[in-house]
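Here is what each chain is made of, one letter per residue.
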Protein chains: 2
Amino acid sequence: MTIVLGIDPGSRITGYGVIEVNGSKSHYVDSGCIRTDTDAELPERLCQIFEGISEVVRLHLPQEVGVEQVFMAKNADSALKLGQARGAAIVACSALRIPIFEYSARQIKQAVVGTGAAQKEQVQLMVCNLLGLNKKPQADAADALGVALCHSHMQQSMIRMAGAHKIRRRRLR
Amino acid sequence: MTIVLGIDPGSRITGYGVIEVNGSKSHYVDSGCIRTDTDAELPERLCQIFEGISEVVRLHLPQEVGVEQVFMAKNADSALKLGQARGAAIVACSALRIPIFEYSARQIKQAVVGTGAAQKEQVQLMVCNLLGLNKKPQADAADALGVALCHSHMQQSMIRMAGAHKIRRRRLR
């Protein structure tokens, strides 16, 4: 059993989602969002993200973390803001030596919906379906659960690939 | 006496400079740079910045921190990288509740050289002059010392302004 934390960082709202992965089965544990005080100065807001994620880590003790990779930001100003939020969220986990994995939006869509061209809303709906949630979580929390599901999916694929490779090697002998 | 830490964050090199401020006098304490391992993954590199700054903080116990404000990044990609490094460096101080002040490049040049239009090299030379250094520190370390000097200068100006304001108020009575 592995506890996986997914994070969707943002300067105003940082979503988080925690799932429990047991073989090919994933169960919902917790999700939510850290809203920064828009009136506060930047260092205080980054501190809120850092402490919010640290609190989730203390509570659920995740063994692995997934975070969405940013390929192309809209513009330099929003990239700087997103970068600062990402930095604060990532060090809250990496300072505790929890392995962090980055996934592209395409990989997340592919893993959750089955197609890399899926819409954002489809991902959020599938997150609810896959985890058997009656109520749709807040958008950023749902996105974070999507990253966590993508991570568990990718790890499973790697285990399967490693297994197939072993079988093939055994047959070749 | 106030210990001021200046930080010049960067994804590859993060400069730091520590000065001791006593009234209008500033003395050099320490400076250097945190070089991240370019072969390492992003979370590991951000962790190196976070831990590097945390170590400097543990060693010198600064009461105030200055960091250069980023107004306009070159492009979205470099803004994201710089943002992540800034986020990691800033939370290392803000999580410990050390007040952090941001200064524009113009404010730093004005405070250190006397003109907001000064060249980067002039700032580094003036940093050596003001702190009586025989050897020019590495560029990022010198920039960080420049931010620390700018902070002490701005604080002194505010104290003077507050003093002048008090005198004026007393005269008006």
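Throughout, a residue's number is its position along its own chain's written sequence, starting from 1. For naming, the first written chain is A and the first written ligand is 1, with later ones following in the order written. Note on the predicted model: pLDDT of at least 70 is required for a residue's local features to be given, and 80 or more for side-chain atom pairs to be given and counted; whole-chain, interface and lining totals, by contrast, use all residues. In computing side-chain properties, one takes all heavy atoms of the structure into account and sets aside hydrogens as well as water.

## Concerning the packing of helix H1 (residues 42-60) of chain A against helix H2 (residues 76-94) of chain B
Reasoning step 1: Closest axis-to-axis distance for the H1(A)/H2(B) pair is 9 Å, and the angle between their directions is 90°. As the angle between them shows, H1(A) and H2(B) are arranged roughly perpendicular. Across from A:Leu42, A:Pro43, A:Leu46, A:Cys47 and A:Phe50 in H1(A), the residues of H2(B) making contact are B:Arg86, B:Gly87, B:Ile90, B:Val91 and B:Ser94.
Reasoning step 2: Each residue receives one of three labels: charged for Asp, Glu, Lys and Arg, nonpolar for Ala, Val, Leu, Ile, Met, Phe, Trp, Tyr, Cys and Pro, and polar for the others, Gly being one of them. Partitioned by chemical class, the residues of the contact of H1(A) with H2(B) number seven nonpolar, two polar and one charged. Note on geometry: axes are C-alpha line fits, over the in-contact stretch for helices, and angles between N-to-C directions span 0 to 180 degrees. Under the DSSP-based scheme used, a helix requires at least four consecutive residues in state H or I and a strand at least two consecutive residues in state E, with every element numbered from the N terminus. Note on angle classes: values under 35 degrees are labelled roughly parallel, values over 145 roughly antiparallel, values of 65 to 115 roughly perpendicular, and the remainder oblique. What makes two residues a contact is simply this: any of their non-hydrogen atoms within 4.5 Å.

## A word on the environment of B:Leu82
Reasoning step 1: Within the secondary structure, B:Leu82 sits in helix H2.
Reasoning step 2: Each C-alpha atom, one on B:Leu82 and one on B:Gly17, is 19 Å from the other, the two residues being 65 residues apart in sequence.
Reasoning step 3: Dropping the residues within four chain positions of it, B:Leu82 is found in contact with A:Leu80, B:Pro9, B:Gly10 and B:Val70.

## What to know about the relation of the copies chain B and chain A
Reasoning step 1: The transform that puts chain B on chain A rotates by 180° and translates by 0.0 Å along the axis, for an RMSD of 0.0 Å. Such a turn and shift between the copies fits a two-fold axis.
Reasoning step 2: An overlap of 100% is found between the interface residues of chain B and their copies at the interface of chain A, pointing to a shared contact surface. To line up the copies, we fit them by least squares on C-alpha atoms, keeping just the residues with pLDDT of at least 70 in both.

## Some words on the sheet that holds strand S4 (residues 64-68) of chain A
All names here are of chain A.
Reasoning step 1: In spatial order, the strands read S3-S2-S1-S4-S5; together these five strands make up an open sheet with mixed pairing. Two strands in the sheet have a free side with no partner beyond their single neighbour: strand S3 (25-35) and strand S5 (100-103). Here the average twist between neighbouring strands, direction ignored, is 20°. Any two strands between which DSSP finds at least two bridges are classified as paired.

## Thoughts on the environment of B:Ile100
Reasoning step 1: With respect to the helices and strands, B:Ile100 occurs in strand S5 (residues 100-103).
Reasoning step 2: Once the C-alpha coordinates of B:Ile100 and B:Val67 are considered, the two residues, 33 residues apart in sequence, prove to be 7.3 Å apart.
Reasoning step 3: Residues in contact with B:Ile100, not counting those within four places in the same chain, are A:Pro43, B:Val65, B:Val67, B:Ile90, B:Cys93 and B:Ser94.

## Some remarks on the pattern of salt bridges
All names here are of chain A.
Reasoning step 1: Each salt bridge in this description consists of a side-chain nitrogen of Lys or Arg and a carboxyl oxygen of Asp or Glu lying within 4 Å of one another. Scanning the model with the defined rule gives ten salt bridges over all chains in all.
Reasoning step 2: One salt bridge connects Lys-120 with Asp-143, and the closest N-O pair in it is separated by 2.8 Å. Placement of the pair is Lys-120 in helix H4 (residues 120-131) and Asp-143 in helix H5 (residues 139-172), with a sequence separation of 23 residues.
Reasoning step 3: Burial classification: accessible surface area is computed with a 1.4 Å probe over protein chains only, and a residue below 20% of its type maximum counts as buried, one above 50% as exposed, and the rest as partly exposed. Among the residues examined, Asp-143 registers a relative accessible area of 10% and is labelled buried.

## Overview of helix H2 (residues 76-94) of chain A
Residues and elements named next belong to chain A.
Reasoning step 1: With 19 residues, H2 should reach 27 Å at 1.5 Å per residue; the first-to-last C-alpha distance of 25 Å fits that figure.
Reasoning step 2: Of all 19 residues that make up H2, 15 are buried, and the element is covered over most of its length.
Reasoning step 3: Pairs of N or O atoms within 3.5 Å make up the polar contacts considered here, provided that, within protein, one atom can donate a hydrogen while the other can accept it, and that residues adjacent in sequence are counted only when both atoms are side-chain atoms. The residue sitting at the N-terminus of H2 and contributing the capping side-chain oxygen is Asn-75; that oxygen lies 3.0 Å from the backbone nitrogen of Asp-77. The span expected for a helix works out to 1.5 Å for each residue beyond the first.

## Regarding the sheet that holds S5(B)
Residue and element names in this part refer to chain B.
Reasoning step 1: One open sheet accounts for five strands, arranged S3-S2-S1-S4-S5; its pairing is mixed. Edge positions in the open sheet fall to strand S3 (25-35) and S5, since each of these has one partner strand only. Going across the sheet, the axis of each strand differs from the next one's by a mean of 20°, ignoring polarity.
Reasoning step 2: The pairing of strand S4 (residues 64-68) with S5 spans four bridges and is classified as parallel. Each residue of the ladder has a partner; that of Val-67, found in S5, is Glu-102.

## Thoughts on the packing of aromatic side chains
Reasoning step 1: Pairing of aromatic side chains requires ring centres within 6.5 Å, counting the rings of Phe and Tyr and the six-membered ring of Trp. Pairs whose planes differ by under 30 degrees are stacked, by over 60 edge-to-face, and all others tilted. The tally for this structure, following the rule as stated, stands at one aromatic pair over all chains.
Reasoning step 2: Centre to centre, the rings of A:Phe50 and B:Phe50 are 5.6 Å apart; their planes meet at 35°, and the pair counts as tilted. Here A:Phe50 is found in helix H1, whereas its partner B:Phe50 is found in helix H1 (residues 42-60) on a different chain.

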